[in-house]
Amino acid sequence: MKRRDALKIGALAALATTVASAYDEKLIVNKQAMSIKDPANPTEAELKHSPEITIGTADKNGFALVEVNIGQKGVLHPSVENHWIYEITLFADGHKAATVSLEPKTSRGYLAARIDTKSVKTLSAVARCNLHGDYTSSIAVV
Ligand SMILES: [Fe+2]
């Protein structure tokens, strides 16, 4: 076997291992878009699912560090075997900018990306909880 063929087999084996460790899609039981019933007085469950978007400093090329934590006012969403944030998507003026796929237990709701925010007016993030649905938050970029 040539070295190149061995490397290909090794790469395929690594990919198969990665796929095998992914969560069971059957655990995702709610894909409904949820909304905060009273935005002035969100419930603890609503705070727990709402993305909190922060914009940090820009690098020398103008890309600002944007971080998304799931949970607001210190109420963080859990990440346990049967209840977790399985995906977060960040949008810049409605255009998809970044997505992260998360595994239960081993990672909790968090996304970070460097975004060129110079001409962006709004950043939005959607947090997808396997049990409680999809929650969206937005902030203005100033
Ligand atoms: Fe949840």
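Residues numbered from 1 in each chain as written. Predicted model: local features only at pLDDT ≥ 70, side-chain atom pairs only at ≥ 80, totals over all residues. Heavy atoms only, no water.

J.: Help me understand the coordination of the iron ion in this model?
T.: Six octahedral donors around a metal ideally sit at 90 or 180 degrees from one another, while four tetrahedral donors ideally sit at 109.5 degrees. The protein atoms that coordinate the iron ion are His49 (NE2), His77 (NE2), His83 (NE2), Cys129 (SG) and His132 (ND1), at distances spanning 2.1 to 2.4 Å. Taken in chain order, the donor set of the iron ion reads H-x27-H-x5-H-x45-C-x2-H. On the criterion of sequence distance, the pair formed by His49 in helix H2 (residues 44-49) and His132 in the loop between strand E6 (122-129) and strand E7 (133-140) is long-range, its members being 83 residues apart. On the accessibility criterion, His49 (3% relative accessible area) is buried. (Donors = N, O, S within 2.8 Å, 3.2 Å for Na, K, Ca; no water. Helix = DSSP H or I, 4+ residues; strand = E, 2+ residues; numbered from the N terminus. Buried < 20%, exposed > 50% of the residue type's maximum accessible area, 1.4 Å probe, protein only.)

J.: Explanation requested: the sheet that holds strand E2 (residues 63-70) in the structure shown.
T.: Pairing within the open sheet is antiparallel, and its three strands lie in the order E1-E2-E5. Edge positions in the open sheet fall to strand E1 (51-58) and strand E5 (110-116), since each of these has one partner strand only. When strand polarity is set aside, the average angle formed by the axes of neighbouring strands in this sheet is 20 degrees. Alignment of E1 against E2, held across six bridges, turns out to be antiparallel. Its bridge partner being in E2, Thr54 is matched across the sheet by Glu67. (Pairing = 2+ DSSP bridges. Axes fitted to C-alpha atoms, helices over the stretch in contact; angles between N-to-C directions.)

J.: What should I look at first to understand the packing of aromatic side chains in this one?
T.: Working definition: an aromatic ring pair is given by the centre-to-centre distance plus the angle between the planes. One pass over the structure, following the stated rule, counts two aromatic pairs. Both rings, one in Tyr23 and one in Trp84, keep their centres 5.0 Å apart while their planes meet at 65 degrees; by these two values the pair is edge-to-face. Pair noted here: Tyr23 is in the loop between helix H1 (3-20) and H2 and Trp84 is in the loop between E2 and strand E3 (85-92), with a separation of 61 residues, a long-range link. In textbook terms, an aromatic cluster arises when at least three aromatic residues are bridged by ring pairs, as seen for Tyr23, Trp84 and Tyr86. (Phe/Tyr/Trp six-rings, centres within 6.5 Å; stacked < 30°, edge-to-face > 60°.)

J.: Teacher, can you tell me more about the sheet that holds strand E4 (residues 95-101) here?
T.: The pairing of strands in a sheet comes from backbone hydrogen bonds and takes either a parallel or an antiparallel form. Taking strand neighbours across the sheet as the criterion, the four strands line up as E4-E3-E6-E7 in an open arrangement whose pairing is antiparallel. Taken across any chain shown, the strands that pair with only one partner, and hence form the sheet edges, are E4 and E7. Neighbour-to-neighbour, the strand axes of the sheet open up by a mean angle of 15 degrees, direction not taken into account. By the bridge criterion, eight bridges tie E6 to E7 in an arrangement that is antiparallel. Within E7, the residue paired with Leu123 across the bridge is Ile139.

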